[in-house]
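Fold and geometry: a report
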Amino acid sequence: VTAAGDSTLREIFNDSITSGSGSGLPLLIQRTLAKQIWLAEVIGKGRYGEVWCGVWHGEKVAVKIFFSRDEASWARETEIYSTVLLRHENILGFYGSDMTSRGSCTQLWLVTHYHPHGSLFDYLSVHTLDHTALMTAALSTINGLLHLHTEIFGTQGKPAIAHRDIKSKNILVKLNGACVIADFGLAVMHTQTTGEINISNNPRVGTKRYMSPEVLNESINMSVFESFRKVDIYALGLVLWEVCRRCVSNGIVDDYKPPFHDVVPNDPSFDDMKKVVCVDQYRPMIPNRWTSDPVLAGMSKIIRECWHQNPSVRLTALRVKKSLVKLAQEETKIKLEFDC
Ligand code: ADP
Ligand code: MG
Ligand code: MG
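Residues numbered from 1 in each chain as written. Chains lettered and ligands numbered in written order. Predicted model: local features only at pLDDT ≥ 70, side-chain atom pairs only at ≥ 80, totals over all residues. Heavy atoms only, no water.

As a further point, take the side chain of S119. On the secondary structure map, S119 appears in the loop between strand 5 (105-113) and helix 4 (120-126). Leave out the neighbours within four places in its chain, and S119 touches S168, K169, I171, L172 and V173. (Helix = DSSP H or I, 4+ residues; strand = E, 2+ residues; numbered from the N terminus. Contact = heavy atoms within 4.5 Å.)

Looking now at the pairing of strand 5. As paired elements, strand 3 (residues 59-66) and strand 5 share six bridges and run antiparallel to each other. If you follow I65 over to strand 5, its bridge partner there is W109. Across eight bridges, the pairing between strand 4 (residues 94-102) and strand 5 is antiparallel. Each bridged residue has a counterpart across the sheet, and for G96 the counterpart in strand 5 is V111. What sits between the antiparallel neighbours strand 4 and strand 5 is a turn of two residues, in which G103 has the positive phi angle 60°. (Pairing = 2+ DSSP bridges.)

On to the side chain of N90. Inspection of the secondary structure puts N90 in the loop between helix 3 (71-81) and strand 4. The class for N90 is buried, based on a relative accessible area of 3%. Within the structure, the side chain of N90 is placed 3.0 Å from the backbone oxygen of C179, a separation counted as a polar contact. Not counting chain neighbours up to four residues away, the residues in contact with N90 comprise S140, N143, G144, A178, C179, V180 and I181. (Buried < 20%, exposed > 50% of the residue type's maximum accessible area, 1.4 Å probe, protein only. Polar contact = N/O pair within 3.5 Å; in protein donor to acceptor, adjacent residues only side chain to side chain.)

The next point concerns the coordination of the magnesium ion (ligand 2). Ligation of the magnesium ion (ligand 2) by protein atoms is provided by N170 (OD1) and D183 (OD), these donors lying 2.1 Å from the ion. Here the magnesium ion (ligand 2) and the magnesium ion (ligand 3) are spaced 3.9 Å apart, and both take D183 as a donor. Separated by 13 residues along the polypeptide, N170 in the loop between strand 6 (160-162) and strand 7 (171-173) and D183 in the loop between strand 8 (179-181) and strand 9 (188-190) bring together distant segments of the chain. The exposure class of N170 is buried, given its relative accessible area of 6%. (Donors = N, O, S within 2.8 Å, 3.2 Å for Na, K, Ca; no water.)

Another point: empty space enclosed by the protein. For the structure on display, the rule yields one cavity of 30 Å³ or more. Taken as a whole, the largest cavity encloses approximately 50 Å³ of empty space. Y81, L86, R87, H88, I91, L92, G93 and F94 together form the lining of the largest cavity. Classifying every residue of the lining of the largest cavity by side-chain character gives five nonpolar, two polar and one charged. (1 Å grid on protein atoms, 1.4 Å probe; cavity = no way out; pocket = protein on both sides within 12 Å on 5 of 7 lines; lining within 4 Å. Points joined across faces, edges and corners; volume = space filled by probe spheres on them. Nonpolar A, V, L, I, M, F, W, Y, C, P; charged D, E, K, R; others polar.)

Turning to the pattern of salt bridges, a few remarks are in order. Within the structure shown, the criterion is met by eleven salt bridges. For E214, the salt bridge identified is with R314, shortest N-O distance 2.8 Å. Linking E214 in helix 6 (residues 213-216) with R314 in the loop between helix 9 (294-306) and helix 10 (317-331), this pair joins segments that are 100 residues apart in sequence. No difference in accessibility class separates E214 from R314, as the two residues are buried. Of the charged contacts, one joins K326 and E330 as a salt bridge, the two residues approaching to 3.7 Å between their closest N and O atoms. One end of the pair, K326, and the other, E330, are both in helix 10, four residues apart, so they sit about a helical turn from each other. (Salt bridge = Lys/Arg side-chain N within 4 Å of Asp/Glu carboxyl O.)

On to the state of the cysteines, then. Simply put, disulfide is the name for a covalent bond between the sulfur atoms of two cysteines. Within this structure, the stated rule accounts for zero disulfides. Considering cysteine sulfurs only, C247 is the nearest to C244, which forms no disulfide, with 6.8 Å between them. This cysteine, C306, is not joined by any disulfide, and C244 carries the nearest cysteine sulfur, 11 Å off. Classification of C306 as buried rests on a relative accessible area of 0%. (Disulfide = S-S within 2.5 Å.)

Attention shifts here to the sheet that holds strand 5. Sheet strands associate in pairs through backbone hydrogen bonding, adopting either a parallel or an antiparallel arrangement. On the basis of which strands lie adjacent, the open sheet formed by five strands has the order 1-2-3-5-4 and antiparallel pairing. With one partner strand each, in any of the chains shown, strand 1 (37-46) and strand 4 form the two edges of the open sheet. Within the sheet, the average angular offset between the axes of one strand and its neighbour, ignoring direction, is 30°. Contacting strand 3, strand 4 and strand 5, helix 3 crosses the sheet at an angle of about 30° to strand 5. (Axes fitted to C-alpha atoms, helices over the stretch in contact; angles between N-to-C directions.)

Everything listed here is a matter of geometry and, on its own, says nothing about what the molecule does.
Structure, rendered in structure tokens:
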């Protein structure tokens, strides 16, 4: 690095520290993490930027590279992952964040555990599930969401966190079939003591296809944190429906479909979704075969209670977990290490 290049770099980093990105990481760590990772291949690409599989100290890691215009998302995800006690077997594991420069561009990196199966969406597109695999996916996802939603009190506690972009593309599948929740770019935090809701300054409010009726018709009460938990539960209902379709019963299985595939176009507009979800109050169809399978029948009851039109009637994450645990114990051979 030339002296000039070095000073440009320093400017970028100093800038980042005073820009209010909120990463709060010391300068040295910011410089070293990205420099120690070798990027191997792109595993996800989109409007947001790219996700790479890389190697760090001989271990595979995932590197999410944000466009610099999306600094707000990067700063938000970094802030959320840096929350004490966010480490959980069903939340994507976080190594660190970095701001680095490539050519003349500033790149924002988020380094996490790498999951070769990719997202639940990717996984369901190619795999079918048996009852045990279905319950493993469902229980692990709700465990992650429950941990997120729960405030833990104490000097080393955690705020309640609502995700606001729950969908099968934001849930990753581990090698053992359990899921982890990822992509915290839109998350909001809340602590009861201050009562303050820490809303990210990111204006995006989630993925239209998964938006709840109260988000679509803008009747949501944003001053009450519980409103955001209910939005996550609605979207969870849609995800569980996607998962159940891929579960084999009596030798039959449904092909993978995203929710509302039959009533809205690809990349639906806000108005497309509003018409279907708010006006027609339509929900994904529960296939007939589910009613003759005890696990799928039990799941469909839980799903309906998640995507209910009225947010105040929707189940809480704890209630969903308890219902799933009961279903797993009664109807499958899953040996649960935990009891509710
Ligand atoms: P965005 O905020 O742009 O939606 P995500 O964090 O959701 O970015 O990642 C985009 C996609 O990249 C995911 O849907 C998934 O397919 C893939 N991906 C992200 N993180 C990982 C990871 N840790 N391991 C494997 N695949 C990942
Ligand atoms: Mg995503
Ligand atoms: Mg995102």
